[in-house]
Each structure stands twice: as structure tokens, then as C-alpha cells.
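Take a look at the letters that make up each chain.
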There are 2 protein chains.
Amino acid sequence: MFKKIAIFGVGLIGGSFALALKRAGAVRQVVGVGRSAASLARAHQLGIIDVIGASVPEALRDADLVLIAAPVAQTETILAAIKPHLQAGTVVTDAGSTKSDVVAAARRALGDRIAQFVPGHPIAGREQNGPDAAIVDLYAGKKAVLTPLPENAPHAVARVADAWRLCGAIIHQLTPQEHDRVFAAVSHLPHLLAYALVDDIANKPHAELLFQYAASGFRDFTRIAGSSPEMWRDISLANRAALLDELDGYVSQLAQLRGLLANADGVGLEAVFANAQQARHAWIRSIEAAEQQSREGGD
Amino acid sequence: MFKKIAIFGVGLIGGSFALALKRAGAVRQVVGVGRSAASLARAHQLGIIDVIGASVPEALRDADLVLIAAPVAQTETILAAIKPHLQAGTVVTDAGSTKSDVVAAARRALGDRIAQFVPGHPIAGREQNGPDAAIVDLYAGKKAVLTPLPENAPHAVARVADAWRLCGAIIHQLTPQEHDRVFAAVSHLPHLLAYALVDDIANKPHAELLFQYAASGFRDFTRIAGSSPEMWRDISLANRAALLDELDGYVSQLAQLRGLLANADGVGLEAVFANAQQARHAWIRSIEAAEQQSREGGD
């Protein structure tokens, strides 16, 4: 049970966290903090937050838990504003999509209070944003990755894990570096590739003709190119080193495929396609089995 | 009204064509021809075809229309088998995903009968295959692209267009070269890119860890990597020149993006992402408007 949780950023991520904890009866009071008075008022109206924090010290007073769910680029500023008012019993976590940069920012901003910061990343989202996009089930059955620091006390990590578990999430732990390498490969690179393809087509002189014939395969492939450009600019920059590595690996892979195609090497092409198809089928089967298990476990 | 239609390949594409024409009451008899006796028997059982063609001459006798809906690599063999038995009043079409190579194969196989061949490509599909995957509505509201030849008589083109229109499709015309350039960009390249990404990840030593964290964005981006490796090997080879051009353009685009990322050029990255997002939103809006219009037109 949490007496008081302060949430910086009451949009999709922070708002859904609040709604889920409230439904679980796990929090007495949620205080919202943010740059937009309109978003805070809307979150209050929707019952996401109980109180609009008039100031950082007031929001932090006697809070058990602080969640930073603002755009990643603001994390350091928020942590620096928090530090002077951070009580010994308060645990701070975040929901940023990258972790090494957040940890570096937290070390700079929090200094000797770093032990109170447990970095996190819930793997859930929707295409909409803002308080109106928040839904109580956003995290149900989804992964919440924590990337604890050597300084974190076990009970601080447990406290953050408890909160996400109460939202229905399944807890995973990685180091910040592992986290960033993994998500560079399975999330950040695909976003870059999808944006690149749509931009490439949109810039061609016959773009209109091309889009006219694009069908459902193209629609799914490029769905992530509908995501927020600002958010993905920040993620790309924050995870630049790992993303460059993944991009270079992928470009080498394309160079090999180009060679097979140029040589009309049907056997080689089919081997690559078949390996990919098989790996994807195995992955889909494992996801479906996990979903089945989680449904059965929930009954 | 068609008296008799012969379909070579009674799977998803050919089977759905037959079902739609039957529902429209537009064909008296459908004869199926294929390499697999089991598929033909199943198509007969499902009411897709009325008769299993015992031989090519028998299947072709007095047919108004022949549809070749077998894998593209078989087109030339089938056309060569058809030629000696092709009556003057019969129009032949196909459903292949590439057109320049099909036209070249048709010219070789049909020689002076080429005027009777109207190349086509219905833009519709499902992940399943075979007669059991055939559905009556597969082509409803979808595009059917015809790529007529200079030799085709207008009435032959109209006959093929009529058949697809009776299936609910909307007729478009392109030259075979235009067709192949368009689909290299919006379909064949995305398939190659999706296969390449999944293969790249599957071959990494920590593939299992990576797949564990892949989420819905990855799932949609790679859906087309679940497609048939044999089919996409054939399409890639058949449309090799256009696909190599598109791949080279895309790799240049990635090189530019890499430069922006390496220079931490946030403004440049955001400009690419925003252009892509905007183009995709405009495209989705135009699709939805067209769907809306087609629903209203159908009422």
C-alpha cells in the first residue's frame, strides 16, 4: 500500500499507472506535477490524480514513491528540482525508453542521493497521448523492465517492482546497458527503418502513385512511422551508440542480401527468408504460449 | 456472363476468384487445373470448381477466360502447355505479383497468340494458402491492376476487367514496367527489409534475449517476414532490377540517417521522422476516405 505517489507527467504512461494503482486499491493519494496546467486539470477531472501539486516540495512531502513519466529529455531537470526536497523514505523511478542516459542524468542530478533512484521502463504504449489516452489496463500482462543500480537497496527495488506488479505488469531485470542494446535492436532500429522507408517514398517525384498502391503489408510495416517524431528523436539521440551499432549490423546484412539478389542467388535468398520466417513463427508461438499461460494463471 | 472459366491453380487467389464470380452468378462452369490432385479434389468438394480438368485441351475447350493463379515461376510452362489448344475466342490472364517477367515469359510461350494474354495482378492476399483459404470477399474493394499489352484488343482487356469488377475489385491500369517499379517500392522492398531484420536478429548470439523483449511494434513491422520464402524468392528474382534500384535508394537514405545520428543532429533526425509521420498520416487518411466512399457507394 502506498500512502502518497507523486507523478511527474500525467499523460498516457503516468496516467495509466495511477489508474491501475487506484483500481488495485493500492494508493491513498496521487499527486500530479507537470508543465501543462491544462493536462493536470484534465487528469484531475478524469480521476487520474487526486491533487494537482502546487509545487515540487509540496508534491514530494511524505511521498513513498515518485514516478517520472515525462519525455526523457526532461528527466535531468526534474530530478534536479526534486533533489533538495527528497526525503529519506521516498523512492524515485522513471518510465523512460532508454536507460544508460537516464542513469547518467540521475547521477548528475541526484549525486549522493542516487541510491533512491531505481530506473525502470514499462514496455507498453498506444498511439495516442495525454491524460485522455490513459487506460487502467495498459500494463496488464506487459513487461516492466527495471535496471537497478548497485547503490539501490533491495527494498527500494522491491517497492518499485510492487507498484508495477500491482498494475498487472511482469517484472524483468536487466542492466541499463543490456536494456539499451536490447531495445536498440528490437524497437529503436525498426522505428528508424520505418521512418526511413516512408520518408524515402514521400520524397520521390512519383510518391502519390506509389502510395496509391501501398497495401496492408506496407501499412503494418510502417505503423511505427506514425509515432511522435520528437519522442523518437530523443530516444535515437539518447541511445545513439547502441543504435549506431545495430544500424551498422543491419546495413551489412542488407549488403549481403544485395549481393545474393545481384547474383540471382535464389538458394541464398530463400535461405535468408526461410530462416527469418522460421524465427518469427517460433517467436509468435512463444508469445502466444505466454499469453495463454498468463490468461490461465489469471483465472 | 462467362460460359466457362478455366483456372490454373485453385488456391487462395484462383479459388477466391471462382467463389466471387459464382456468387455474382457470372459464370456457368469453372474448371480447375493444377499439379496437386488433392488440392483439386478439395476445391471441388468446397464448391470452388465444378469440374476437375482431366487435361489441358479439355479444360480449354470453349473457355471464355483462363486465369493462371499458380506460382509465378510456373507461368511460362503453363502458357506453353496452353498455346496449342488456345481457341481464338479465349482470353488468358494471370494474377502474378510481377509483370515484366510474366510478359516476357508470355511472349516466349505464346508467340503470335500474345494478343490473347492480358496480364493482371489483384492486390489482395491472406497469410493462409490453398483452397481452404479461398474466400468470396477477398477482392471486395481491393485494386486489380491490369497491365495491357499493345497487342491486346480493347474487348479482351474489357473482358478481364469485367471479371475482376464482378469480384468487387476496382480496376487500375499501369504498364508492366510501371507496375514493377511501384511494387518494388511499396511491397517487395518492405518484404526484403523485414526478412533481413528478423534474420539479422535470429543470427545474433543473444537472439533469445532480444526476441523476449520484442513487442507489438516489432510484431507489426515484421509481419510480412512470416510470408512464404519460396514465393518471395521468386518475386525478388522476377523483379530483380527494380528491387535492386529501390534497395540502393533505401541504403543511401539509411547512410544519410546514419550521418545525422552520428552527428547527434536532432533537428535533422526530427525533420526526417516528421516528414515520414506526416506522409503516413496523409496516406492513412486517403485510404480511410476511399474506404468510406466505397462503403457509401455500395449501399
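Residues numbered from 1 in each chain as written. Chains lettered and ligands numbered in written order. Predicted model: local features only at pLDDT ≥ 70, side-chain atom pairs only at ≥ 80, totals over all residues. Heavy atoms only, no water.

- An unreviewed UniProt entry lists chain A under the name Prephenate dehydrogenase, with Undibacterium arcticum given as the organism.

Thoughts on the sheet that holds strand S9 (residues 170–173) of chain B
Residues and elements named next belong to chain B.
Alright, step 1. Pairing is mixed in the open sheet, where 3 strands are placed in the order S7-S8-S9. The two strands at the open ends of the sheet, each matched to only one other strand, are strand S7 (120–122) and S9. Between one strand axis and the next, the sheet turns through 20° on average, direction left out of account.
Alright, step 2. Pairing between S7 and strand S8 (residues 143–146): 3 bridges, direction antiparallel. Residue pairing for S8: Pro122 is matched across the bridge by Ala144.
Alright, step 3. Relative to S8, helix H6 (residues 154–166) is tilted by about 165°, and along the sheet it contacts S7, S8 and S9. (Pairing = 2+ DSSP bridges. Helix = DSSP H or I, 4+ residues; strand = E, 2+ residues; numbered from the N terminus. Axes fitted to C-alpha atoms, helices over the stretch in contact; angles between N-to-C directions. Contact = heavy atoms within 4.5 Å.)

Regarding the pattern of salt bridges
Alright, step 1. Scanning all chains against the criterion turns up 32 salt bridges over all chains.
Alright, step 2. For A:Arg258, the salt bridge is made with B:Asp248, and the minimal N-O distance between the two is 2.6 Å. Taken as a pair, A:Arg258 in helix H11 (residues 240–262) and B:Asp248 in helix H11 (residues 240–262) lie in two separate chains rather than in one.
Alright, step 3. Taking relative accessible area as the criterion, B:Asp248 reaches 29% and is therefore assigned partly exposed.
Alright, step 4. Note that B:Arg233 is salt-bridged to B:Asp234, the shortest N-O span being 3.0 Å.
Alright, step 5. B:Arg233 sits in the partly exposed class, given a relative accessible area of 22%.
Alright, step 6. We classify B:Asp234 as buried; its relative accessible area is 18%.
Alright, step 7. Three or more residues joined by partner-sharing salt bridges are found here, namely A:Lys3, A:Asp64 and A:Arg159. (Salt bridge = Lys/Arg side-chain N within 4 Å of Asp/Glu carboxyl O. Buried < 20%, exposed > 50% of the residue type's maximum accessible area, 1.4 Å probe, protein only.)

Brief notes about H6(B)
All names here are of chain B.
Alright, step 1. Taking 1.5 Å per residue as the helical rise, H6 with its 13 residues ought to reach 18 Å, and the 18 Å between its terminal C-alpha atoms agrees with that figure.
Alright, step 2. All buried positions along H6 are accounted for by Ala156, Val157, Val160, Ala161, Ala163 and Trp164. Each buried residue of H6 lies within a common arc of 155° when the element is viewed along its axis, so the set occupies one face. Relative to its buried face, H6 has exposed residues pointing more than 90 degrees away, namely Pro154 and His155. (Expected span 1.5 Å × (residues − 1). Arc of directions from axis to C-beta.)

A closer look at the nonpolar core
Alright, step 1. Residues A:Val186, A:Leu193, A:Phe218, A:Tyr250, B:Val186, B:Phe218 and B:Tyr250 are the most contacted members of the largest nonpolar core, which totals 86 residues.
Alright, step 2. Look past the residues within four positions of B:Phe218 in its chain and what remains in contact with it is A:Val186, A:Pro190, A:Trp283, B:Leu197, B:Val198, B:Ile201 and B:Phe211. (Core = buried A, V, L, I, M, F, W, Y, C linked by side-chain atoms within 4.5 Å.)

Notes on the relation of the copies chain B and chain A
Alright, step 1. For these two chains of identical sequence, chain B goes onto chain A by a turn of 180° and a shift of 0.0 Å along the axis, with RMSD 0.0 Å. Look at the turn and shift together and you get a two-fold axis relating the two. Distance from the rotation axis, computed per C-alpha, reaches its smallest value in chain B at B:Phe221: 2.0 Å.
Alright, step 2. A share of 100% of the interface residues of chain B reappears at the interface of chain A, consistent with the copies meeting face to face through the same patch. (Least-squares fit on C-alpha atoms with pLDDT ≥ 70 in both.)

Examining the sheet that holds strand S2 (residues 27–33) of chain A
Residues and elements named next belong to chain A.
Alright, step 1. The strand order across the open sheet built from 6 strands is S3-S2-S1-S4-S5-S6, with neighbouring strands paired in parallel fashion. Whereas interior strands pair on both sides, the edge strands pair on one side only; in this sheet they are strand S3 (51–52) and strand S6 (117–118).
Alright, step 2. As judged from the 6 bridges shared by strand S1 (residues 2–8) and S2, these two strands associate in the parallel manner. Bridge pairing links Ile7 to Gly32 in S2.

A look at the interface of chain B and chain A
Alright, step 1. In this complex, chain B contributes 86 residues to the contact, which on the side of chain A involves 86 residues.
Alright, step 2. Summed over both sides, the interface between chain B and chain A buries roughly 7,900 Å², with carbon and sulfur atoms accounting for 67% of that surface.
Alright, step 3. Ranking the residues of chain B by area buried against chain A places B:Tyr213, B:Phe273 and B:Trp283 at the top, with a combined share of 10%.
Alright, step 4. Inspection of the region where chain B meets chain A yields 10 salt bridges. (Buried area = accessible area lost by both parts, 1.4 Å probe.)

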